[in-house]
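Structural description and commentary
Each chain is listed here by its residues.
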Amino acid sequence: MTDLLELHGITKTLKGQQAPRTILDGVDLTVDSGESVAILGRSGSGKSTLLSLIGLFDRPDTGRYLLGGRDISRVAERRAAALRSAEFGFVFQRFFLLKHLTAAQNVAMALVNGQGWLPRRKRRARTMAALDQVGIAHLAKHRPARLSGGEQQRVAVARALVREPRLLLADEPTGALDTETGNLVIEVMRAATDRGCGLILVTHDWDHANKMQRVLQLTDGTLNPAIDTRGTTPTPAVASPPEPAAAASASATVPGRTGQDDAGLDGMFR
Ligand SMILES: Nc1ncnc2c1ncn2[C@@H]1O[C@H](COP(=O)(O)OP(=O)(O)OP(=O)(O)O)[C@@H](O)[C@H]1O
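What you are looking at is a predicted structure, and each value in this text was computed from that prediction instead of being measured.

1. Observations regarding the site of the ligand
In the vicinity of the ligand, the residues found are Leu-14, Gly-16, Ile-23, Gly-41, Ser-43, Gly-44, Ser-45, Gly-46, Lys-47, Ser-48 and Thr-49. In terms of residues, the shell around the ligand owes the most to one element, helix 1 (residues 47-54), which gives 3 residues.

2. Some details on the sheet that holds strand 5 (residues 70-71)
What holds strands together in a sheet is hydrogen bonding between their backbones, with the strands either parallel or antiparallel. Read from one edge to the other, the open sheet built from 4 strands follows the order 2-1-4-5, with strand pairing classed as antiparallel. With partners counted over all chains shown, the strands left at the sheet margins are strand 2 (21-31) and strand 5, one partner each. Sheet topology places strand 4 (residues 62-67) next to strand 5; 2 bridges connect them, and they run antiparallel. Of the residues in strand 5, the one forming a bridge with Leu-66 is Asp-71. Sitting on the sheet, helix 1 is in contact with strand 1 (5-14) and strand 2, with an inclination near 55° to strand 2.

3. Here's the deal with the environment of Pro-225
Examined against the element boundaries, Pro-225 turns out to sit in strand 10 (residues 222-225). Residues Pro-225 and Asn-210, 15 residues apart in the sequence, show an inter-C-alpha distance of 12 Å.

4. Describing the sheet that holds strand 8 (residues 198-202)
Strand order in the open sheet made by the 6 strands is 6-7-8-3-9-10, with mixed pairing throughout. Two strands in the sheet have a free side with no partner beyond their single neighbour: strand 6 (88-92) and strand 10. In this sheet, adjacent strand axes meet at a mean angle of 20° when their direction is disregarded. As paired elements, strand 3 (residues 36-40) and strand 9 (residues 214-219) share 4 bridges and run parallel to each other. When the bridges of strand 9 are listed, Val-37 appears paired with Arg-214. Strand contacts of helix 1: strand 3, strand 7 (167-171), strand 8 and strand 9, with the helix running at about 155° to strand 8, the strand carrying the most contacts. Strand contacts of helix 5 (residues 149-161): strand 6 and strand 7, with the helix running at about 165° to strand 6, the strand carrying the most contacts.

5. Considering the packing of helix 5 against helix 6 (residues 179-193)
Across the interface, helix 5 lies against helix 6 with an axial gap of 9 Å and an inter-helix angle of 15°. Comparing their axes, helix 6 and helix 5 come out roughly parallel. Seen along the crossing, helix 5 lies across helix 6 with a hand that is right-handed. In contact with Gly-149, Gly-150, Gln-153, Arg-154, Val-157 and Leu-161 of helix 5, helix 6 contributes Thr-181, Leu-184, Val-185, Val-188, Met-189 and Ala-192.

6. Let's talk about helix 1
Across the 8 residues of helix 1, 6 count as buried, placing the element largely inside the fold. Residues of helix 1 that are buried include every one of Lys-47, Thr-49, Leu-50, Leu-51, Leu-53 and Ile-54, and no others. Residues of helix 1 that are buried make contact with strand 1, strand 2, strand 3, strand 7, strand 8 and strand 9. Where helix 1 ends, the next residue or the one after it, Leu-56, has phi of about 65°, a positive value.

7. Quick notes on the confidence of the model for the chain
Across the chain, the average pLDDT comes to 85, with 83% of residues at or above 70. In the model output, the complex is listed with pTM 0.84 alongside ipTM 0.94.

8. Here's the deal with the environment of Ala-125
The residue Ala-125 is located in helix 4 (residues 120-133) in this model. Since 12 C-beta atoms lie within 10 Å of it, Ala-125 is described here as exposed.

9. Quick notes on the pairing of strand 6
With 5 of 5 residues buried, strand 6 is to be regarded as a mostly interior element. Neither face of strand 6 is exposed, since Phe-88, Phe-90 and Phe-92 on one face and Gly-89 and Val-91 on the opposite face are all buried. In this structure, strand 6 lies alongside strand 7, joined through 5 bridges in parallel fashion. Bridge pairing links Phe-90 to Leu-169 in strand 7.

10. A look at the pairing of strand 4
Bridge count for strand 1 against strand 4 is 5 bridges, and the pairing is antiparallel. Pairing of His-8 across the sheet is with Arg-64, part of strand 4. Here strand 4 folds back onto strand 5, and the loop between the two strands holds 2 residues, one of which, Gly-68, carries a positive phi near 60°.

The rules we used
Residues numbered from 1 in each chain as written. Predicted model: local features only at pLDDT ≥ 70, side-chain atom pairs only at ≥ 80, totals over all residues. Near = placed C-beta within 6 Å. Helix = DSSP H or I, 4+ residues; strand = E, 2+ residues; numbered from the N terminus. Pairing = 2+ DSSP bridges. Contact = placed C-beta atoms within 7 Å. Axes fitted to C-alpha atoms, helices over the stretch in contact; angles between N-to-C directions. Parallel < 35°, antiparallel > 145°, perpendicular 65-115°, else oblique. Left-handed = near helix turned anticlockwise from the far one by under 90°. Buried ≥ 20, exposed ≤ 12 C-beta atoms within 10 Å, placed from the backbone. pLDDT = per-residue confidence, 0-100.

Set out below in structure tokens:
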């Protein structure tokens, strides 16, 4: 048994306007603490569906989902929300930053929205540490409009990590970035695994996938070791050069969730 994530025989059938379609048809997956796993697959193969089940935005039809050895396959929404906030960090292709808040305030939102109360000084320290880990502490007071795409994504990564999640879920996080900036963001996320965070990266990019310890392919509803279609075999990632590492968790990073109560945030770090 792993200390982090286990999926056994996960199935999911989606019922849209057309006939029901089984997207996941017996997915097995184990991810240990500190382990990085890439998931590749053609468009529409179900990668985002799988990630949404892992992130507890949805539930499997059948199969078992264990987190830290506890079965959460049928967890109720209230508990799911608490787990999302406490255990997961999310990074998406779109950054979902609040444009009227500074980088630091965007990151701090994850601490404000999360469970429990942290004194202002601790919130500030953790926020600045998270920004420092992704190498942009000097941009803490900048609003998103003054940040490049890569800098905005690093704010999003800092926001995903500031609550020190056990598992980072990244769904095509470099899709909107140029190659160099994308590489940097991948390295920042990979560095989080050095501190014990598990990482599941959904990507179309083999170069990024090969930086993970395992590369899997979602085909016909099941996960299998991926074969590099470019003719090279995926190799386990070796220790990468040190980079500023990363750290917010779920509640503040869920698409569609916005700033709720922003009052009092302006000036939080003045
Ligand atoms: N709510 C839904 N109802 C019905 N079908 C859906 C729903 N959401 C997604 N689908 C379908 O499920 C399939 C898998 O979608 P999903 O977004 O998981 O694929 P993906 O591998 O992430 O694709 P991409 O790489 O293009 O992002 C697609 O055919 C999609 O059209």
